[in-house]
Amino acid sequence: MYDTVIIGGGPGGIAAGVYAARKKLKSALITDNFGGQSLVSADIQNWIGTKSVSGLEFAQMLEEHLRAQEGIDIIYPDLVEKVEKISEGFNVITKKGEKLETKTILATTGSRRKKLGIPGEKEFDGKGVAYCSTCDAPIFKNKIVAVVGGGNAGLEAVLDLLSYAAKVYLLEFSDQLKGDPLTQEKIKSDPRVQIIFKAKASEIIGDKFVTSLKYEDLETKQLKEIKLDGIFVEIGSVPNVEFVKDLVSINQFGEIAIDHKTQAASQKGIWAAGDATDILYKQNNISAGDAIKAILNIYDYLNKK
Amino acid sequence: MEQQNKIVKIYTTPTCVYCKMAKEFFKKNNVQYEEFNVAEDEKARDAMVEKSHQMGVPVIDIDGEIFVGFDQQALKKALEIK
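Keep in mind the model is a prediction, meaning the values are calculated, not measured.

Draft legend 1. Geometry of the environment of Phe36(B). Residue and element names in this part refer to chain B. Positionally, phenylalanine 36 belongs in strand β2 (residues 34-37). Between the C-alpha atom of phenylalanine 36 and that of lysine 9, which follows or precedes it by 27 residues, the distance is 7.5 Å. Residues in contact with phenylalanine 36, not counting those within four places in the same chain, are Lys9, Tyr11, Asp41 and Ala44.

Structure follows, in structure tokens:
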């Protein structure tokens, strides 16, 4: 039986793994990737101690640091499907069918990109519907595209696309953009950008590939249609908590509610840290620090038992 | 793989992380590959879309078998890497 099983391979999970190993806890870490959401970042400039690092290098740094530890089982690539309560702790069951018995669990599962959840989105995923502008923007050279979401990620996507696309629509649900004012200025000054406020994307239409996007004008309640070739979805993220949702309390935003002093979740024996929790600020450095807090508290808990 | 008898092509964009991961995976496993940068090469872009019926990178072509994205397990299987 493990002392602790850490779920997730972002900065939180790795920090936890390093501390768990140094505390000589019998531990395992389960993840399907290293680096978390920053993996696809072109340049990270705020990871403390590192002036500039690409997402890929960041992921490699984390993986190396974890693999340098002794006494932690790394289960990769795999995903946790389910956690069951047993009398002495928990059963952690993975997608590939591994079953781990453990006294405690630390969930550092982060969050994933939110989808629109409208007709056509799934059908045309990869066929015009895209979620990674840094990856796929060049494929839309001379095409007409839309970005849904006027936050920072949406504005960045518009910028990525402006290097290639013929025209970029930006659809925002509210009546103003929320992203960085500097980026806003850049976007607004480009004649190829058309910003549509109070727009609620409602349906994606296509044949083999996307051909148009329908949206509701929330002002007039009219349904409108834009002819286009691509849609980039940038509407925020949703915490990865499905595997523990029946065991711990989850807040209205789908985040695991934790005690902010110890990182403990409502179920005894489960801790959580990082973007999957109800913290105010979602940051790599904070995830790492909070996950360390959790391991130190798990260590105290196991020693008091 | 001692002698590579499969033809491997990868369609990439310069900013795509999973493309870089796939190429590193090939290098690590001594897989020879030909790279097509679809940000520059329009013909390759059309070929990629045609082959994969989709518009995301990376697309990997191993002897005509098409892989979208970087799935290490699937590539290992296709290239007979243990």
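On we go.
Draft legend 2. The environment of Ile231(A), seen in detail. Residues and elements named next belong to chain A. By secondary structure assignment, the location of isoleucine 231 is in strand β15 (residues 230-233). Distance in space between the C-alpha atoms of isoleucine 231 and tyrosine 215 is 12 Å, their sequence separation being 16 residues. Not counting residues up to four positions away in its chain, the partners in contact with isoleucine 231 are Gly128, Val129, Val145, Ala146, Val148, Ile204, Val210 and Leu213.

Draft legend 3. Expanded view of the sheet that holds strand β12 (residues 199-206) of chain A. All names here are of chain A. Here three strands make up an open sheet; going across it, the order is β12-β13-β14 and the pairing antiparallel. Where the open sheet ends on each side, the last strands, each with one partner, are β12 and β14 (222-227). Ignoring strand direction, the axes of neighbouring strands in this sheet form an average angle of 25 degrees. Pairing of β12 with strand β13 (residues 210-217), which is carried by seven bridges, proceeds in the antiparallel orientation. Following the sheet pairing, alanine 199 is matched in β13 by aspartate 217.

Draft legend 4. Molecular detail of the interface of chain A and chain B. Every contact between the two is made by 15 residues of chain A and, on the other side, 16 residues of chain B. For the side of chain A that touches chain B, the elements supplying multiple residues, two or more each, are α2 (55-67) and α3 (133-136) of chain A. Counting residues per element, the side of chain A that touches chain B draws most heavily on α3(A), which supplies three residues. Of the residues in the side of chain A that touches chain B, the class split is nine nonpolar, four polar and two charged.

Calculation notes
Residues numbered from 1 in each chain as written. Chains lettered and ligands numbered in written order. Predicted model: local features only at pLDDT ≥ 70, side-chain atom pairs only at ≥ 80, totals over all residues. Helix = DSSP H or I, 4+ residues; strand = E, 2+ residues; numbered from the N terminus. Contact = placed C-beta atoms within 7 Å. Pairing = 2+ DSSP bridges. Axes fitted to C-alpha atoms, helices over the stretch in contact; angles between N-to-C directions. Nonpolar A, V, L, I, M, F, W, Y, C, P; charged D, E, K, R; others polar.

In short, shape yes, function no, at least from these values alone.
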